[in-house]
Amino acid sequence: MTASISTETSLNDNHKPNTVRSVLGFDFGTTRMGVAIGQSITGTAQPLDPIKAKDGIPNWDEITKVVEEWKPDAFVVGLPLDMDGSENEMCQRARKFAKRLNGRFNLPYHMMDERLSSYEAKGQVIAQKGNRNFKENSVDGLAAQMIVETWFAETTK
């Protein structure tokens, strides 16, 4: 995956990337959001069940349950840049979502370039001869896992 870390973080970010123990990662989408929980000790993440959204508005009750269950130190939200690195409307929506996470839960957020994460997640499923119906067989959690693991790799360099 071609990835680069975005330097954008929340204004009250008193958790520097190298002091974060766990992060909740999101692959932002307008109908479904991938979610993964990651641990800095191992630099790995595991996908969680996706969270439904309606017209880009997430189910905040479900997000609250996940945050309360996993108690992350920070959030990592995928930034869906175009292949040439330029921004698009989805980038604005993902940033707005990250800022709302920060506002609701008072935890810092980090934006992570997510170009090709969903494509690579689908490739992994196909390589493992999994169900290719990606509407039924969501790869959103796997994409969120890749976003978090790439963020860990980039912030521990």
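About the cut-offs
- The written sequence of each chain sets the order in which its residues are numbered from 1.
- The predicted origin of the model limits local features to residues at a pLDDT of at least 70 and limits the giving and counting of side-chain atom pairs to 80 or more, whereas totals for whole chains, interfaces and linings rest on all residues.
- Only hydrogens and water are removed before side-chain values are computed, so all heavy atoms of the structure are retained for them.
- UniProt positions are given in the numbering used here, feature names are shortened, and annotations may be inferred rather than shown by experiment.
- The numbering of helices and of strands both runs from the N terminus, where a helix is a DSSP run of H or I of at least 4 residues and a strand a run of E of at least 2.
- Working rule for helices: expected span equals 1.5 Å times residues minus one.
- Each residue gets one of three labels from its accessible area relative to the maximum for its type: buried under 20%, exposed over 50%, partly exposed in between, using a 1.4 Å probe on protein chains only.
- Think of a nonpolar core as a cluster: buried Ala, Val, Leu, Ile, Met, Phe, Trp, Tyr and Cys residues, connected wherever their side-chain atoms sit within 4.5 Å.
- Any two residues whose heavy atoms approach within 4.5 Å are treated as being in contact.
- Pairing of aromatic side chains here covers Phe, Tyr and the six-membered ring of Trp, requires ring centres within 6.5 Å, and sorts the geometry by plane angle: under 30 degrees stacked, over 60 edge-to-face, intermediate tilted.
- Counted as over-ring charges are cases with an Arg CZ or a Lys NZ within 6 Å of the ring centre that also lie within 35 degrees of the ring normal.

In the nomenclature of an unreviewed UniProt entry, the protein chain is known as Putative pre-16S rRNA nuclease of Marinomonas maritima. Per UniProt, the protein chain carries the Sequence similarities (unreviewed entry) text "Belongs to the YqgF HJR family." The UniProt entry for the protein chain carries the following comment under Subcellular location (unreviewed entry): "Cytoplasm".

### Quick word on helix α4 (residues 140-155)
Over its 16 residues, α4 runs 23 Å from end to end, which matches the ideal 22 Å to within 8%, given 1.5 Å per residue. Counting buried positions along α4 gives 13 out of 16 residues, so the element sits mostly inside the fold.

### Looking at the nonpolar core
The biggest cluster of nonpolar side chains holds 26 residues, and the ones touching the most others in it are L24, F26, I63, F75, F97 and L101. Contributing elements (two or more residues each) for this core: β2 (22-27), β3 (32-39), β4 (44-54), α1 (60-70), β6 (74-79), α2 (89-105) and β7 (109-113). With six residues, the single largest contributor to this core is α2. Dropping the residues within four chain positions of it, F97 is found in contact with F26, F28, M33, P58, W60, I63 and V77. Grouped together as the second largest cluster of nonpolar side chains are 11 residues, V23, V148, W151 and F152 included.

### Some thoughts on the packing of aromatic side chains
For the coordinates displayed, the defined rule picks out six aromatic pairs. Ring geometry for W151 versus F152: centroids 5.4 Å apart, planes at 55°, classification tilted. Both residues of the pair, W151 and F152, belong to the buried class. By the ring-pair criterion, three or more aromatic residues cluster together here, those being F26, F28, W60, F75, F97 and F105. The ring of W60 has R104 sitting right over it, with the charged end atom 4.1 Å from the ring centre.

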